[in-house]
Amino acid sequence: MRLVVARCSVDYTGRLTAHLPLAPRLLIVKADGSVLVHSDGGSYKPLNWMSPPCTLTTSRRDDAEAESDPEGDWIEQWDVVHDKSGDRLRVRLHEVLEDSSHELGVDPGLQKDGVEAHLQALLAENIETLGDGWSLVRREYFTAIGPVDILARDENGGTVAIEIKRRGEIDGVEQLTRYLELLNRDPLLAPVRGIFAAQAIKPQAKVLAGDRGIDCVTLDYDALRGIDDAESRLF
């Protein structure tokens, strides 16, 4: 992982257009190829980012180019292009305050507890709630970037990767997207489709999931536990 603290401007072009004016920011380049732009606020979410698979190229300019450029005295430019969509993230560094790289190795994955882990166990035990003829392959299916919550087969024998959250947000969809990109490289599993399952899913997460061909399922924790009889409800 590479961490760069720099005064920079950022432009994103593709399915949307966005601009971040010159300011100090944290730039993160991960081993999986993703690039994230963070400020010193906004909680854990980046201001802008590019998810893999993507290609990062860097360039520096000479004095003649600098004199004729209206954007000022930037010293290095990062061009990050998504390999499939062609979306582009351009970062122009004006001043580098810190630049370091660290080898983190393979992460063991999130060790879940509480309701989220219970949801995973209950859905695995009752995988047929997703449809007749469904079967469980295994829970916590290991990949090089972390474990997939549930790997299953649908009624047609197709492979399905299921990511489970208590509250479904955009970062959960991003996580499942990375798993699907990796799983679909395995000829014994491909094609693999995804299901994003949670007790509640935010509208933005549903839109992103739909754009990426991922189905969303709202889980009823009480019904899965056998406490709540859904057929006896009035509403």
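Preceding block: the structure.
Overview of the structure. Fair warning: this is a prediction, and the values are worked out from it, not measured in the lab.

Observations concerning the overall build of the protein
- Scanning the protein from N- to C-terminus turns up five helices and twelve strands.
- In the protein, which comprises 235 residues, the proportion classed as buried is 40%.
- For the protein, the share of sequence-separated contacts (at least 6 apart) that also reach a separation of at least 24 residues comes to 49%.
- Accessible surface, the protein as shown: approximately 13,300 Å² in total, 52% of it carbon and sulfur.

Thoughts on the packing of helix α3 (residues 170–183) against helix α4 (residues 203–211)
- Contact geometry for α3 and α4: axes closest at 8 Å, N-to-C directions at 25 degrees. By the angle class used here, α3 and α4 are roughly parallel. Taking contact as the criterion, the partners of Ile170, Val173 and Glu174 in α3 are, on α4, Gln204, Ala205, Leu208 and Ala209.
- When the residues that make up the contact of α3 with α4 are grouped by side-chain class, the tally is five nonpolar, one polar and one charged.

Here's the deal with α4
- For α4, the complete set of buried residues consists of Ala205, Leu208 and Ala209. Taken around the axis of α4, the buried residues stretch over an arc of 100 degrees, which confines them to a single face. What points out from α4, more than 90 degrees from its buried face, is the exposed set Pro203 and Val207.
- Contacts from the buried residues of α4 go to β10 (159–168), α3, β11 (192–201) and β12 (215–218).
- Phi for Gly213, located one or two positions after α4, is positive at around 75 degrees.

Examining the pairing of β10
- For β10, the buried fraction is high: eight of the ten residues fall into the buried class.
- Strand direction decides the pairing type here: strand β9 (residues 148–153) and β10, joined by four bridges, are antiparallel. When the sheet's bridge partners are listed, Arg153 is paired in β10 with Thr159.
- In this structure, the hairpin formed by β9 and β10 is closed by a connection of five residues, where Gly157 is found at a positive phi of approximately 85 degrees.
- Where β10 lies against β11, nine bridges are found, and the strand directions are parallel. Across the sheet, residue Ala161 finds its bridge partner in β11, namely Gly194.
- One crossover worth recording links β10 to the parallel β11 by way of α3, and it is right-handed.

A short note on the side chain of Ser34
- Considering the arrangement of structural elements, one finds Ser34 in the loop between β2 (18–29) and β3 (35–38).
- Residue Ser34 is classed as buried on the basis of its relative accessible area, which comes to 8%.
- Polar contacts involving the side chain of Ser34 include one to the side chain of Asp32, which spans 2.6 Å.

Here's the deal with the sheet that holds β10
- If you walk across this open sheet you meet the five strands as β8-β9-β10-β11-β12, and the pairing is mixed. The sheet terminates laterally at β8 (135–141) and β12, the two strands that pair on one side only. Ignoring which end each strand starts from, the neighbouring axes of this sheet average 30 degrees apart.
- Across the face of the sheet, α4 comes into contact with β10, β11 and β12 while running at roughly 170 degrees to β11.

Observations concerning the sheet that holds strand β5 (residues 54–60)
- Read from one edge to the other, the open sheet built from seven strands follows the order β4-β3-β2-β1-β7-β6-β5, with strand pairing classed as antiparallel. If you trace the sheet from one side to the other, it starts and ends with β4 (48–50) and β5, each paired once. Taken over all neighbouring pairs, the strand axes of this sheet differ in orientation by 30 degrees on average, direction set aside.

Some remarks on the pairing of β8
- Sheet topology note: the β8/β9 ladder contains five bridges and is antiparallel. Within β9, the residue paired with Arg139 across the bridge is Ile150.
- Linking β8 to β9, which pair antiparallel, is a turn of six residues; within it Gly146 sits at a positive phi near 130 degrees.

Description of the pattern of salt bridges
- Enumeration according to the criterion identifies twelve salt bridges in this entry.
- The salt bridge involving Arg90 is made with Asp11; its shortest N-O contact spans 3.0 Å. One end of the pair, Arg90, is in strand β7 (residues 88–101); the other, Asp11, is in strand β1 (residues 2–13), and 79 residues separate them in sequence. When sorted by exposure, Arg90 lands in the same class as Asp11, which is buried.

Calculation notes
- Residues numbered from 1 in each chain as written.
- Predicted model: local features only at pLDDT ≥ 70, side-chain atom pairs only at ≥ 80, totals over all residues.
- Heavy atoms only, no water.
- Helix = DSSP H or I, 4+ residues; strand = E, 2+ residues; numbered from the N terminus.
- Buried < 20%, exposed > 50% of the residue type's maximum accessible area, 1.4 Å probe, protein only.
- Contact = heavy atoms within 4.5 Å.
- Areas by Shrake-Rupley, 256 points an atom, 1.4 Å probe, with all protein chains shown as cover.
- Axes fitted to C-alpha atoms, helices over the stretch in contact; angles between N-to-C directions.
- Parallel < 35°, antiparallel > 145°, perpendicular 65-115°, else oblique.
- Nonpolar A, V, L, I, M, F, W, Y, C, P; charged D, E, K, R; others polar.
- Arc of directions from axis to C-beta.
- Pairing = 2+ DSSP bridges.
- Right-handed = clockwise from strand over helix to strand, strands pointing away.
- Polar contact = N/O pair within 3.5 Å; in protein donor to acceptor, adjacent residues only side chain to side chain.
- Salt bridge = Lys/Arg side-chain N within 4 Å of Asp/Glu carboxyl O.

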